[in-house]
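This is what each chain is made of:
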Amino acid sequence: MRDILVTGGCGFIGANFIWHLLSEPDFAGRIINVDKLTYAGNPDNLAGIDEKSLGRHIFIKADICDAKAMARIFEEFDIDIICHFAAESHVDRSIESPGAFIQTNIVGTFNLLELARLHKNRLTLFHHVSTDEVYGSLGDDGSFTEETPYRPNSPYSASKASSDHLVRSYAKTYDLPVTISNCSNNYGPYQFPEKLIPLMILNALEKKPLPVYGTGLNIRDWLYVNDHCSAIWTIMKKGTRGETYNIGGRCEMQNIEVVKTICDLLDEMVPEPDFGPRRDLITFVTDRPGHDLRYAIDSSKLQNELGWVPTESFNTGIKKTIQWYLDNKKWVERIKTGEYMAWMKRQYES
Ligand code: NAD
Ligand code: DAU
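Note that the structure is a prediction, hence the values are computed from the model and not measured. (Residues numbered from 1 in each chain as written. Chains lettered and ligands numbered in written order. Predicted model: local features only at pLDDT ≥ 70, side-chain atom pairs only at ≥ 80, totals over all residues. Heavy atoms only, no water.)

K.L.:
Is there a simple way to explain helix H6 (residues 155–174) in this structure?
P.N.:
Look at H6: 28 Å from first C-alpha to last across 20 residues, which is about the 28 Å you get at 1.5 Å a residue. Along H6, the residues classified as buried are Tyr156, Ser157, Ser159, Lys160, Ala161, Ser163, Asp164, Val167, Tyr170 and Ala171. Looking at the buried residues of H6, the elements they touch are helix H4 (91–96), helix H5 (99–118), strand S5 (125–131) and strand S6 (178–183). At the C-terminal side of H6, Asp175 shows a positive phi close to 60°. (Helix = DSSP H or I, 4+ residues; strand = E, 2+ residues; numbered from the N terminus. Expected span 1.5 Å × (residues − 1). Buried < 20%, exposed > 50% of the residue type's maximum accessible area, 1.4 Å probe, protein only. Contact = heavy atoms within 4.5 Å.)

K.L.:
How do you make sense of the pattern of salt bridges when you look at a structure like this?
P.N.:
Charged atoms that come close allow side chains of opposite charge to pair. Under the counting rule described, the total for this entry stands at 20 salt bridges. As a salt-bridge pair, Lys336 and Glu206 come within 2.4 Å of each other at their nearest N and O atoms. Of this pair, Lys336 sits in helix H12 (residues 329–336) while Glu206 sits in the loop between helix H7 (196–205) and strand S8 (210–213), and the two are 130 residues apart along the sequence. Linking Glu243 and Lys301 is a salt bridge whose minimum nitrogen-to-oxygen distance equals 2.5 Å. One end of the pair, Glu243, is in the loop between helix H8 (225–238) and strand S10 (244–247); the other, Lys301, is in helix H10 (residues 300–306), and 58 residues separate them in sequence. (Salt bridge = Lys/Arg side-chain N within 4 Å of Asp/Glu carboxyl O.)

K.L.:
Looking at this structure, how should I read the site of ligand 1?
P.N.:
In the vicinity of ligand 1 there are 28 residues, among which Ile13, Asp35, Ser89, Tyr156 and Lys160 approach most closely. Measuring from a nitrogen atom of ligand 1, one finds a side-chain N or O atom of Asp63 at 2.8 Å. Considered on its own, ligand 1 offers 830 Å² of accessible surface; in the complex 97% of this is hidden by protein. Only helix H1 (12–22), S5, H6 and strand S7 (185–187) provide two or more residues apiece to the shell around ligand 1. Here the element with the most residues in the shell around ligand 1 is S5; it accounts for three residues. In terms of residue class, the shell around ligand 1 is built from 13 nonpolar, eleven polar and four charged. (Near = heavy atom within 4 Å. Polar contact = N/O pair within 3.5 Å; in protein donor to acceptor, adjacent residues only side chain to side chain. Areas by Shrake-Rupley, 256 points an atom, 1.4 Å probe, with all protein chains shown as cover. Nonpolar A, V, L, I, M, F, W, Y, C, P; charged D, E, K, R; others polar.)

K.L.:
Is there a simple way to explain the nonpolar core in this structure?
P.N.:
Generally speaking, a soluble globular protein has its nonpolar side chains buried in company with each other. Judged by nonpolar contacts, the single largest core of 67 residues is most densely connected at Ile4, Phe17, Ile197, Met236, Ile247, Ile262 and Phe314. When residues no more than four places from it in sequence are discounted, the contact partners of Phe314 are Tyr187, Ile197, Trp222, Cys251, Met253, Val258 and Thr261. With 25 residues, the next largest nonpolar core counts Ala62, Ile79, Tyr170 and Ala171 among its residues. (Core = buried A, V, L, I, M, F, W, Y, C linked by side-chain atoms within 4.5 Å.)

K.L.:
Looking at this model, I keep getting lost on H1. Mind explaining?
P.N.:
Helical geometry: 3.6 residues make up each α-helical turn, so side chains three or four residues apart lie on a common side. Across the eleven residues that make up H1, a large majority, ten, are buried. Within H1 the residues assigned to the buried category are Phe12, Ile13, Gly14, Ala15, Asn16, Phe17, Ile18, His20, Leu21 and Leu22.

K.L.:
Please explain the environment of Ile247 as it appears in this structure.
P.N.:
With respect to the helices and strands, the residue Ile247 is situated in strand S10. When the C-alpha atoms of Ile247 and Ile232 are compared, they prove to be 8.6 Å apart, with 15 residues separating the residues in sequence.

Following this line, the structure appears as structure tokens:
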């Protein structure tokens, strides 16, 4: 293995993946981390990486939509594997302003595929990180398999579906060695506090309202981020080229259950005798347009064929996650001074 290109390595899952990769005994190469550093790209997520990686992590600030800059990176480094995380990732932002999603998620992925095609002789794998949201929404029963038809419902999921189709087409048309993973909702350290779980943890700590969309009965299938990282690495090592793998932990929960669990754990972990139960902060707000009712992932292909199993239950993962946000006050403070605050203000305080 020579150089692995990780796009979006300063984001939530990308950064966790880089830390994970450096702890893998069977990874010996260098990591070329290309990230544009949008509001969601946070160099603090990789604080201390130089000492830990002993020069095996190289950061380059670049936009995957900039074809020339990306071409230069492919000239400079001997990239033989691509693991593509970079994306605009937040559904609410895609509803408010879809343009960046079309650019990064579709055009950016196209640029990378074109470079992969150009350098095909040395490329052993293009792994594309995608989402279960491409499958649309489920009713009360069933779960998404790799055979479920694509029915994306938001500009975000439509842009990810489009990128999945492009990746698949490059495998079929140009014989590019690709794998695709479609994963359910992640949570854990370094997640930007616009997503449900970190938003609720930080708001509850600050005694701010906890905005639950609609009835709160929508269901998501939660997976601790390290389990997602180990699944991706398993697919990269053992997955059949040209195949898609679903990733999930079989952990379906209604949003309201998730929020109540966070409130109750915080009441135990950070007791505030003069403040009522944190559940009192729950505030039902206007629903998200086109809000998918239920996601549930069937990951039996990944488990049966490649032997991957998740290690965290929601119970253990959520405790670790809350503890991480409690222990990393500096990270929290710094992120709060960023663009995030202005957006959140517009979203919830107008
Ligand atoms: P994130 O928003 O936390 O991070 C995205 C990263 O990509 C940031 O570091 C950002 O700076 C970078 N980026 C954005 N546009 C870029 C561009 N044009 N050029 C270079 N870098 C750019 O996202 P995340 O939650 O870590 O998600 C990572 C990937 O995993 C995405 O592809 C997402 O669709 C997928 N995914 C996420 C989840 C989840 O629950 N968060 C679940 C399944 C799949
Ligand atoms: O399923 C995988 C997807 O999970 C990823 O592809 C996306 O990148 C990731 O953002 C996530 O999408 P969701 O829309 O499911 O995640 P989010 O954290 O935004 O919302 C989770 C649920 O909680 C959803 O039903 C909407 C609801 N919600 C969210 C927020 C931010 C609320 O009720 N209140 C909120 O303030």
